[in-house]
Amino acid sequence: MIKIVSQKNVFTAGWLLALSALVGTSLMVIVNGHSKPYIAENERQVLLRSLNSVISPDTYTNNILNDVLTVQDKELLGSKEPILVYRARQDTKPIAAALTVIAPNGYNGNIYLLVGIDFSGHITGVRVVKHRETPGLGDAIESKRSNWIESFSKKSLTNPGDAGWKVKRDGGEFDQFTGATITPRAVVGAVHKALIYFKKNRKLIFTIPNVISTNNK
Amino acid sequence: MSDITAKNIITQGLWSKNQALVALLGLCPLLAVSSTAINGLGLGIATMATLIITNSIVALIRNWIRTEIRIPMFVIIIACVVTAIELLMSAHFHDLYLILGIFVPLIVTNCAIIGRAEAFASKNKLIHSALDGLMMGLGFMLVLVTLGIVREIIGYGTVFGNADLMLGEWASVLTITIFDDYNGLLFAILPPGAFMGLAVLIAIKNKIDRVQEARTKVLDGVPVSLEIKNI
């Protein structure tokens with residue numbers, strides 16, 4: 001069935017389409033406005049949960065979500081962008097810091113990590129925040145899929161030494177996975193560099209005042 | 001075109017016009033996400049929900065949609081619904097969102113949804129369109145889960161692994177390890193495995209259809225040689 005479309009019809013159709021786009025966009029604005037505060041609060045809770053999984057909540061008393069600074073070090077923190085560091089304190093005494101470092105050399109792009117380091121330079125915990133590694137192979141770095149990530153606990157720059165901060169295939173201490181060496185190699189490297197950065201900048205990390213006071217990001 | 005009855009809609013959605021096996025629509029999310037049964041289930045549920053909603057909306061406004069601009073209208077509706085689902089899920093069911101959330105944006109790329117809007121919902125009553133959405137979605141989900149099961153068994157040696165991540169702690173009993181001490185076959189998990197798996201499923205469906213067809217013809221008294229049919 002072929003209809004000859006008159007000019008008037010084309011205009012009506014155009015206006016109708018524009019109107020629908022307007023209605024659709026307005027609906028999206030409303031839904032977005034409604035969900036935004038909830039989403040921000042949810043993300044805050046998720047962040048707090050993951051912070052608490054790398055730094056035990058019994059060890060600090062401050063509001064860790066609001067005690068943040070940004071630092072920048074392309075070589076040691078894996079990104080030329082500034083990254084966030086959350087600080088845990090007991091009253092004013094520094095307890096630990098959680099660094100949101102990036103392992104830039106994953107099998108499939110960046111691996112975003114949260115590395116908890118106590119004041120004496122020992123790892124309190126590591127979690128993978130975001131990654132795109134091969135499902136079933138590289139994703140064993142996630143704490144819910146295997147306990148590999150726990151192998152960092154209590155490690156420091158002296159235990160093991162520089163030579164040990166590698167996967168076993170490279171002569172180090174940490175296990176690789178069957179069929180996936182690149183992913184754990186990237187994570188081990190990033191955690192090691194985070195420790196080096198922490199050692200170099202420990203004083204600075206705990207003395208610089210907050211850059212973000214009340215921010216949901 | 002066959003009559004629009006509830007029974008027809010059900011058989012078409014689940015079998016004779018199955019979006020994944022017959023129409024071959026929505027292959028992009030299908031192949032990307034069917035690496036395990038649970039992932040397949042997640043995308044399947046999300047797709048089904050979207051399909052029911054978009055089909056219903058399209059059926060409701062079908063008399064006001066002008067034919068010249070129907071496709072962009074469908075695109076607007078689908079994009080809005082998917083975005084709204086994603087936002088609302090993130091706001092009110094955040095734990096569920098953390099698991100299913102990665103699947104939701106994939107639904108926009110599923111042409112089965114626009115396909116049903118065009119082929120069915122724009123011509124039929126609300127109730128039939130909603131049922132069509134449910135059944136087409138269910139048919140799509142069943143293929144996803146089946147493909148997921150096949151790939152997971154070959155790839156990891158398990159079925160419903162990580163079910164607890166999506167369904168809660170109780171679901172860890174669902175996980176069945178078929179082969180102990182299995183090293184896995186990476187091929188099944190990577191994209192080529194998805195293509196091969198889908199091809200096998202389609203072949204099995206076609207075989208069943210042919211045997212069925214031959215059998216009904218024999219029953220009707222028309223002799224059909226299976227050998228000739230199966231060339």
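Residues numbered from 1 in each chain as written. Chains lettered and ligands numbered in written order. Predicted model: local features only at pLDDT ≥ 70, side-chain atom pairs only at ≥ 80, totals over all residues.

Enquirer: Describe the overall build of chain B, and please don't skip the residues or the numbers.
Expert: A tally of regular secondary structure across chain B gives 12 helices and 2 strands. Counting from the amino terminus, chain B carries its helices and strands in the arrangement α-α-α-α-α-α-α-α-β-α-β-α-α-α. For chain B, the C-alpha atoms occupy an extent of roughly 60 × 60 × 30 Å along the three principal directions. Buried residues in chain B amount to 39% of all 231 residues. A sequence separation of at least 24 residues applies to 73% of the contacts in chain B between residues at least 6 apart. (Helix = DSSP H or I, 4+ residues; strand = E, 2+ residues; numbered from the N terminus. Buried ≥ 20, exposed ≤ 12 C-beta atoms within 10 Å, placed from the backbone. Contact = placed C-beta atoms within 7 Å.)

Enquirer: Go over the overall build of chain A, please, and point to the residues and values.
Expert: Assigned secondary structure in chain A consists of 3 helices and 6 strands. Listing the helices and strands of chain A from first to last along the sequence gives α-β-α-β-β-β-β-β-α. Relative to a compact globule of 217 residues, whose C-alpha radius of gyration would be 17 Å, chain A shows 24 Å and is clearly more extended. For chain A, the spread of C-alpha atoms along the principal axes amounts to about 80 × 45 × 30 Å. Split into buried and exposed, the 217 residues of chain A put 31% on the buried side. (Rg over C-alpha atoms; globule rule 2.2 N^0.38 Å.)

Enquirer: How would you explain the packing of helix 3 (residues 37-60) of chain B against helix 7 (residues 111-121) of chain B if you had to name every residue and give the values?
Expert: Residue and element names in this part refer to chain B. Two numbers describe how helix 3 lies on helix 7: the axes approach to 10 Å, and their chain directions differ by 35 degrees. The hand of the helix 3/helix 7 crossing is right-handed. Only Ile113, Arg116, Ala117 and Ala121 of helix 7 make contact with helix 3, whose side of the interface consists of Thr50, Leu51, Thr54, Asn55, Val58 and Ala59. Of the residues contributing to the contact of helix 3 with helix 7, the split by class is 6 nonpolar, 3 polar and 1 charged. (Axes fitted to C-alpha atoms, helices over the stretch in contact; angles between N-to-C directions. Left-handed = near helix turned anticlockwise from the far one by under 90°. Nonpolar A, V, L, I, M, F, W, Y, C, P; charged D, E, K, R; others polar.)

Enquirer: Outline the confidence of the model for chain A, listing residues and values.
Expert: In low-pLDDT segments, the atomic positions of the prediction should not be examined closely. Here chain A shows a mean pLDDT of 88. Residues at 70 or above account for 94%. Taken as a whole, residues 213-217 of chain A scores under 50 in pLDDT and shows 4 contacts with residues more than four places along the chain or in a different chain. (pLDDT = per-residue confidence, 0-100.)

Enquirer: I'd love a proper account of the nonpolar core, names of residues and values included.
Expert: Residues and elements named next belong to chain B. Within the largest apolar cluster, 48 residues are counted, with the highest numbers of intra-cluster contacts made by Ile77, Val104, Phe140 and Leu144. Counting residues per element, the ones that place at least two in this core are helix 2 (27-33), helix 3, helix 4 (70-92), helix 5 (94-100), helix 6 (104-107), helix 7, helix 8 (126-156) and helix 11 (191-219). Counting residues per element, this core draws most heavily on helix 8, at 12 residues. In contact with Leu144, other than residues within four places in its own chain, are Leu30, Ser34, Gly40, Leu43 and Gly44. (Core = buried A, V, L, I, M, F, W, Y, C linked by C-beta atoms within 7 Å.)

Enquirer: Which residues make up the interface of chain A and chain B, and what values go with them?
Expert: Taken residue by residue, the interface counts 20 residues in chain A and 23 residues in chain B. Grouping the amino acids of the side of chain A that touches chain B by side-chain chemistry returns 11 nonpolar, 8 polar and 1 charged.

Enquirer: Got a sec to walk through the packing of helix 4 of chain B against helix 7 of chain B? Specific residues and values, please.
Expert: All names here are of chain B. At a minimum axis separation of 10 Å, helix 4 and helix 7 run at an interaxial angle of 130 degrees. Between helix 4 and helix 7, the angle falls in the class oblique. For the element pair helix 4 and helix 7, the recorded crossing hand is right-handed. Across from Phe74, Val75 and Ile78 in helix 4, the residues of helix 7 making contact are Ile113, Ile114, Ala117 and Glu118. Per-class residue counts for the contact of helix 4 with helix 7 are 6 nonpolar, no polar and 1 charged. (Parallel < 35°, antiparallel > 145°, perpendicular 65-115°, else oblique.)

Enquirer: Before we move on, can you summarise helix 4 of chain B with the specific residues and values?
Expert: Here helix 4 of chain B is 23 residues long and its end C-alpha atoms lie 32 Å apart, about the 33 Å a rise of 1.5 Å per residue gives. Along helix 4 of chain B, the residues that are buried comprise Met73, Phe74, Ile77, Ile78, Cys80, Val81, Val82, Glu86, Leu87, Met89, Ser90 and Ala91 of chain B. Where the residues of helix 4 of chain B are buried, they touch helix 1 (7-54) of chain A together with helix 3, helix 5, helix 6 and helix 7 of chain B. (Expected span 1.5 Å × (residues − 1).)

Enquirer: Could you give me a rundown of unusual backbone geometry, with the residues and numbers involved?
Expert: Put simply, Asn159 of chain A and Pro160 of chain A share a cis peptide bond, and its omega is -5 degrees. Topologically, Pro160 of chain A is positioned in the loop between strand 6 (123-130) and helix 3 (182-207). Positive phi is not limited to glycine here, since Leu24 of chain B has a value of about 55 degrees. Examined against the element boundaries, Leu24 of chain B turns out to sit in the loop between helix 1 (6-16) and helix 2. Since 14 C-beta atoms lie within 10 Å of it, Leu24 of chain B is described here as partly exposed.

Enquirer: I'd love a proper account of the environment of Gly136 of chain A, names of residues and values included.
Expert: In this fold, Gly136 of chain A is placed in the loop between strand 6 and helix 3. Those residues within four positions of Gly136 of chain A in sequence are excluded, and the remaining contacts are Ser35, Gly155, Tyr156, Gly184 and Ile189 of chain B.

Enquirer: Tell me what's going on with the confidence of the model for chain B, and back it up with residues and numbers.
Expert: All names here are of chain B. Per-residue confidence for chain B averages 85 on the pLDDT scale, and 94% of its residues sit at or above 70. Confidence, read as mean pLDDT per element, is least for helix 12 (residues 226-229) in chain B (50) and greatest for helix 8 (93). Both scores are given for the predicted complex: the pTM is 0.74, the ipTM 0.72.

Enquirer: Got a sec to walk through helix 7 of chain B? Specific residues and values, please.
Expert: All names here are of chain B. Among the residues of helix 7, Ala112, Ile113, Arg116, Ala117, Phe120 and Ala121 are the ones counted as buried. End-on view of helix 7: buried residues confined to an arc of 140 degrees, all on one side of the axis. Residues of helix 7 that are buried in the fold lie against helix 3, helix 4, helix 6 and helix 8. (Arc of directions from axis to C-beta.)

Enquirer: Could you give an account of the pairing of strand 6 of chain A, with specific residues and numbers?
Expert: Residues and elements named next belong to chain A. Of the strand pairs in this sheet, strand 5 (residues 109-118) and strand 6 are connected by 6 bridges, and their pairing is antiparallel. Within strand 6, the position partnered with Val115 by the bridge is Val126. Between strand 5 and strand 6, which pair antiparallel one after the other, the connecting turn spans 4 residues, and Gly121 there sits at a positive phi close to 90 degrees. (Pairing = 2+ DSSP bridges.)

Enquirer: Quick one: what's the story with the environment of Gly42 of chain B, residue by residue and with numbers?
Expert: Residue and element names in this part refer to chain B. By the secondary structure assignment, Gly42 is in helix 3. In this structure Gly42 comes out as buried when scored by C-beta crowding, with 25 C-beta atoms within 10 Å. Aside from chain neighbours lying at most four places away, what touches Gly42 is Ile99, Leu100, Phe103 and Met166.

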